[in-house]
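Commentary on secondary and tertiary structure
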Amino acid sequence: MRDFAKGLRMFGQGLGILLRSPRLLLIGALPAVLTTLLLLGGLVALAYSIDDLAAWATPFADSWSVGWQTTMRVAVGVAVFAAALAIGVIGFSALTLAVGGPFYEHIAERVEDDLGGVPGAVELSWWRLLGMGLRDGLLLVLRSLLFTIPLLLAGFIPVVGQTVVPVLLALVTSWFLALELIAVPFYRRGMDLKQRTALLRERRALALGLGLPASLLCAIPLAAIIVMPVAFVGGVLVARETLADS
């Protein structure tokens, strides 16, 4: 719990740093605007068609009584939307950080310079950052599917699918989001996804302390525009903490 609380504090410290430097907040918000609009469009479309999707996924319930049929399809609809939201948050962060690579590298450099700098930092071009961000983001989304698909299926279970499953989805989303948020500080040190995953596993609670508030707040329409740069700065702090402990 101590590490989890520290992760929460670092998320809050990210907000404090950006409030003292509104220019950095604006720089970090720009890439998030585009990806927020794309994500919202997809979620609105899903919400609009969720009833049809739930009915399509449960043809076996056609002959059930109205009460049981409605219960099953509401359960399926909630599970599908929760899984889509979890995947959307991870994909959103991956795309935002990839497209906004130079913006976030600038923010990371400013924040780390104030904290003592990074000796021998690797200089990265926009194209290289974009390529690494998209590659690692795709890998993380695919890995997240290994968890979200079984949880989606578990959403068919009445009661459990609407209580335990959303909690597990939130934790899964938080973990993969944290891996995204600490990416740029690791790139600046010449370290790849495998290395940052191995190090963050040793501080899993710290990662969840950062990722959980970020993922929950990103689920609020338009909040992600501010949350992403805040969470990113928190990710810089978490990365430095994780690397110092290695």
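The notes below deal with the structure included here. (Residues numbered from 1 in each chain as written. Predicted model: local features only at pLDDT ≥ 70, side-chain atom pairs only at ≥ 80, totals over all residues. Heavy atoms only, no water.)

1. Details of the pattern of salt bridges
Applied cut-off: Whenever Lys or Arg places a side-chain nitrogen within 4 Å of a carboxyl oxygen from Asp or Glu, that contact is recorded as a salt bridge. Numbering of helices and strands runs from the N terminus; a helix is a DSSP stretch of H or I covering at least four residues, while a strand is a stretch of E covering at least two. Remark: exposure states derive from per-residue accessible area (1.4 Å probe, protein chains only) relative to the maximum for the residue type, with buried under 20%, exposed over 50%, and partly exposed in between.
This structure, assessed with the given rule, holds eight salt bridges. We note a salt bridge from arginine 240 to glutamate 112, for which the minimum N-O separation is 2.9 Å. Pair noted here: arginine 240 is in helix α10 (residues 224-244) and glutamate 112 is in helix α4 (residues 101-114), with a separation of 128 residues, a long-range link. Its relative accessible area of 22% is what places arginine 240 among the partly exposed residues. Through salt bridges with shared partners, a single network forms among Asp3, Lys6, Arg203 and Glu241.

2. Section: the nonpolar core
Using the following cut-off: Remark: nonpolar core denotes a set of buried residues (Ala, Val, Leu, Ile, Met, Phe, Trp, Tyr, Cys) joined through side-chain atoms within 4.5 Å.
Ranked by size, the top nonpolar core spans 54 residues in total, and within it Ile107, Leu200, Met228 and Phe232 carry the most contacts. Take this core: its biggest share by element is 12 residues, from α10. Counting residues in hydrophobic clusters, the runner-up holds five residues, among them Leu124, Leu129, Met132 and Ala183.

3. Quick look at the environment of alanine 84
Within the secondary structure, alanine 84 is located in helix α3 (residues 66-99). A relative accessible area of 26% places alanine 84 in the partly exposed class. As a C-alpha pair, alanine 84 and threonine 197 span 113 residues in sequence and 23 Å in three-dimensional space.

4. Concerning a nonpolar patch on the surface
Selection criterion: Patch members must show over 30% relative accessible area and no salt bridge, and they are joined within 9 Å when carrying like charges or within 5 Å when they are nonpolar side chains of Val, Leu, Ile, Met, Phe, Trp or Tyr. Only the protein chains shown count as covering a residue, and every accessible area follows the Shrake-Rupley method with a 1.4 Å probe.
A cluster of nonpolar side chains, contributed by Ile157, Val160, Val164, Val167, Leu168 and Leu171, occupies part of the molecular surface with about 450 Å² of accessible area. Residue placement: isoleucine 157 occurs in the loop between α5 (126-154) and α6 (160-181).

5. Remarks on the packing of aromatic side chains
Applicable threshold: Geometry of aromatic contacts follows a simple scheme: Phe, Tyr and Trp rings, the Trp one being its six-membered ring, pair when their centres are within 6.5 Å, and the pair is stacked under 30 degrees between planes, edge-to-face over 60, tilted otherwise. Charge-over-ring contacts are defined here by two conditions on Lys NZ or Arg CZ: a distance within 6 Å of the ring centre and an angle within 35 degrees of the ring normal.
Overall, the coordinates contain two aromatic pairs when judged by the stated rule. Ring geometry for tyrosine 104 and phenylalanine 232: centres 4.9 Å apart, planes at 55 degrees, overall tilted. Here tyrosine 104, found in helix α4, pairs with phenylalanine 232, found in helix α10; they are 128 residues apart in sequence, far enough to count as distant. Residues tyrosine 104 and phenylalanine 232 agree in their burial class; the two are buried. Ring geometry for phenylalanine 147 versus phenylalanine 176: centroids 6.0 Å apart, planes at 55 degrees, classification tilted. Of this pair, phenylalanine 147 sits in helix α5 while phenylalanine 176 is found in helix α6, placing the two residues 29 residues apart along the sequence. Taking the relative accessible area as the measure of exposure, phenylalanine 147 reaches 43% and is therefore partly exposed. According to the relative accessible area criterion, phenylalanine 176 is buried, its value standing at 4%. Lying across the ring of tryptophan 175, arginine 204 places its NZ or CZ 4.6 Å from the centre.

6. A few points about the packing of helix α1 (residues 2-19) against helix α9 (residues 204-218)
Filter applied, for reference: Orientation is described by lines fitted to C-alpha atoms, with helices fitted over the stretch in contact, and by angles between N-to-C directions that extend from 0 to 180 degrees. Any angle that falls under 35 degrees is termed roughly parallel, while one over 145 is termed roughly antiparallel, one within 65 to 115 roughly perpendicular, and all others oblique. By the definition used in this description, the sense in which the near helix is turned from the far one sets the handedness, with an anticlockwise turn below a right angle giving left-handed and a clockwise turn giving right-handed. Residue contacts follow a heavy-atom distance rule, with two residues in contact if any of their heavy atoms lie within 4.5 Å. Throughout this entry, Asp, Glu, Lys and Arg are counted as charged residues, while Ala, Val, Leu, Ile, Met, Phe, Trp, Tyr, Cys and Pro are counted as nonpolar. The remaining residues, Gly among them, count as polar.
Here α1 crosses α9 at 45 degrees, and the two axes come no closer than 6 Å. Considering their axes alone, α1 and α9 lie oblique with respect to each other. For the crossing formed where α1 meets α9, the hand is right-handed. Each of Asp3, Phe4, Lys6, Gly7, Leu8, Met10 and Phe11 in α1 lies in contact with α9, whose residues at this interface are Ala205, Leu206, Leu208, Gly209, Leu210, Leu212, Pro213, Ala214 and Leu217. Classifying every residue of the contact of α1 with α9 gives 12 nonpolar, two polar and two charged.

Coordinates in, geometry out; function isn't part of it.
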